Amino acid sequence: MKMLENQTLLYDEDCPLCSLYTTGFVKSGMLDENGRKSYCQLSDEEQNFVDLKRAPNEIALVDNKTKTVTYGIDSLIKVIGFSFPLIEKIATIKPIHYILRKMYSFVSYNRKVIIPGNVKEENKLQCVPDFNYKYRFLFIAFALIVTTFVLFGYSNLIPVLPKTNIVREVVLAFGQIAFQSMFLLKFNKQTIINYAGNLMTVSLMGSLILLPILIVSQFIIIPAIIILGWFAITVLIMFTEHIRRIKILKLPYYLCYTWILYRILALFFILN
């Protein structure tokens, strides 16, 4: 594998996903040992030629010799394409490049709700993406759709529940956003939408945990005790993750109790 030398990716150290894939570039030999650096550790000299407003939104690749910077999906294409030229040729075709750029923005602007991490507040520079309403609403819609279809399939596996339909699952999935938001009315709109993004990420995570059972059930009959047990474990994992995110967001802890309350009310609604 060819190594792209004298290039440094400025990554978000508070983003577990960013840390993971930039470390992967270095360990795989795509970048040299100095191929990654925390955005928060930018020197005064680097701040003169790095766009400090753009870099938190689009990962910056600094050419240490020419002091030039590439941003966003083009940075990743440059790193991967140096080792795999065919991928670079395909990725730079206009329609494909356009799609990749939109996909990159979708992940980048939502990275703080997909995999949140604790921000080190002592850092002078903060690698926090702009709050983009369009991409946040798109992410919430995406998570809502996936959650709806997975719960539709899984609910029909639980014998004690009446047969469901897509409309009911949409109402239940969206209902939790409306229900939880009622307890955040004293906060500003951005805080509420940010919490909604985290809330739907927890639901999306739960759906992905349920998915293996849903897939296997298409081929073999799974005992009801396993289906119910798997669902209970999933809810416990989701509840634990919700608590963790509430702490990171520094929101009222009572949101964890209302999260449980909503599910109790939803179950009552389903059974009646």
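Residues numbered from 1 in each chain as written. Predicted model: local features only at pLDDT ≥ 70, side-chain atom pairs only at ≥ 80, totals over all residues. Heavy atoms only, no water.

Quick word on the sheet that holds strand β1 (residues 7-11)
- Strand order in the open sheet formed by four strands is β2-β1-β3-β4, and the pairing between neighbours is mixed. Across the chains shown, the open sheet's two edge strands, defined by having one partner strand only, are β2 (36-38) and β4 (68-71). Here the strands of the sheet are splayed against their neighbours by 30° on average, with no regard to which way each runs.
- Pairing between β1 and β2: three bridges, direction parallel. Residue pairing in the sheet places L9 in a bridge with R36 of β2.
- This element, helix α1 (residues 16-27), spans β1 and β2 of the sheet and lies at about 165° to β1.
- The strands touched by helix α2 (residues 73-83) are β1, β3 (60-63) and β4; relative to β4, the strand with the most contacts, the crossing angle is about 105°. (Pairing = 2+ DSSP bridges. Helix = DSSP H or I, 4+ residues; strand = E, 2+ residues; numbered from the N terminus. Axes fitted to C-alpha atoms, helices over the stretch in contact; angles between N-to-C directions. Contact = heavy atoms within 4.5 Å.)

Notes on the pattern of salt bridges
- Per the stated rule, a full pass over the model turns up eight salt bridges.
- Its salt-bridge partner being D12, residue K112 comes within 2.7 Å of it at the nearest N-O pair. Of the two residues, K112 sits in helix α4 (residues 94-114) while D12 sits in the loop between β1 and α1, which places them 100 residues apart along the sequence. When sorted by exposure, K112 lands in the same class as D12, which is buried.
- For K37, the salt bridge identified is with E46, shortest N-O distance 2.7 Å.
- Classification of K37 as partly exposed rests on a relative accessible area of 22%.
- Connected via shared salt-bridge partners are D12, R111 and K112. (Salt bridge = Lys/Arg side-chain N within 4 Å of Asp/Glu carboxyl O. Buried < 20%, exposed > 50% of the residue type's maximum accessible area, 1.4 Å probe, protein only.)

Points about the UniProt feature "transmembrane region" (unreviewed entry) in the protein
- Look at the UniProt record and you will see "transmembrane region" (unreviewed entry) annotated at residues 135-154, 166-185, 192-214, 220-239 and 251-271.
- For the annotated span residues 166-185, helix accounts for 80% and strand for 0% of the residues, and the straight-line distance between the end C-alpha atoms is 29 Å.
- With 80% helix and 0% strand, residues 220-239 has its two end C-alpha atoms placed 29 Å apart. (UniProt positions renumbered as here; feature names shortened; annotations may be inferred.)

Side note on the side chain of T148
- Tracing the sequence through the fold places T148 in helix α5 (residues 133-155).
- Judged by relative accessible area, T148 falls into the buried class, the value being 3%.
- Setting aside anything within four residues of it in sequence, one finds T148 in contact with I166, E169, V170 and A173.

Section: α5
- The end-to-end C-alpha separation of α5 is 32 Å, in line with the 33 Å expected for 23 residues at 1.5 Å each.
- For α5, the full list of buried residues reads Y135, R136, F139, I140, A143, L144, T147, T148, V150, G153, Y154 and S155.
- Considering only its buried residues, α5 is in contact with α4, α6 (166-181), α7 (189-216) and α8 (224-249).
- With a side-chain oxygen lying 3.1 Å from the backbone nitrogen of K134, the N-terminal cap of α5 falls on N132. (Expected span 1.5 Å × (residues − 1). Polar contact = N/O pair within 3.5 Å; in protein donor to acceptor, adjacent residues only side chain to side chain.)

Digging into the confidence of the model for the protein
- Summing up the model confidence of the protein, the mean pLDDT is 91 and the portion of residues at 70 or higher is 97%.
- Least confident of the elements in the protein is α1, whose mean pLDDT is 88; most confident is α7, at 96. (pLDDT = per-residue confidence, 0-100.)

Comments concerning the packing of α6 against α7
- Orientation of α6 relative to α7, taken along the N-to-C sense of each, is 140°, at an axis distance of 10 Å. By the angle class used here, α6 and α7 are oblique. Note that α6 runs across α7; the crossing there is right-handed. From α6, A173, Q176, I177, Q180 and S181 reach across to α7, where they touch I192, Y195, A196, L199, M200 and S203.
- Of the residues assigned to the contact of α6 with α7, the class counts are seven nonpolar, four polar and no charged. (Parallel < 35°, antiparallel > 145°, perpendicular 65-115°, else oblique. Left-handed = near helix turned anticlockwise from the far one by under 90°. Nonpolar A, V, L, I, M, F, W, Y, C, P; charged D, E, K, R; others polar.)

With respect to the environment of P85
- One can find P85 in helix α3 (residues 85-91).
- Along the sequence, P85 and S203 sit 118 residues apart, while their C-alpha atoms lie 38 Å from each other.

Let's talk about a nonpolar patch on the surface
- A cluster of nonpolar side chains, namely L86, I90, I93 and I96, defines an oily patch on the protein surface of about 350 Å² accessible area.
- Topologically, I90 is positioned in helix α3.
- Since its relative accessible area comes to 40%, I90 is described here as partly exposed. (Patch = residues over 30% accessible without salt bridge, like charges linked within 9 Å, V, L, I, M, F, W, Y side chains within 5 Å. Areas by Shrake-Rupley, 256 points an atom, 1.4 Å probe, with all protein chains shown as cover.)

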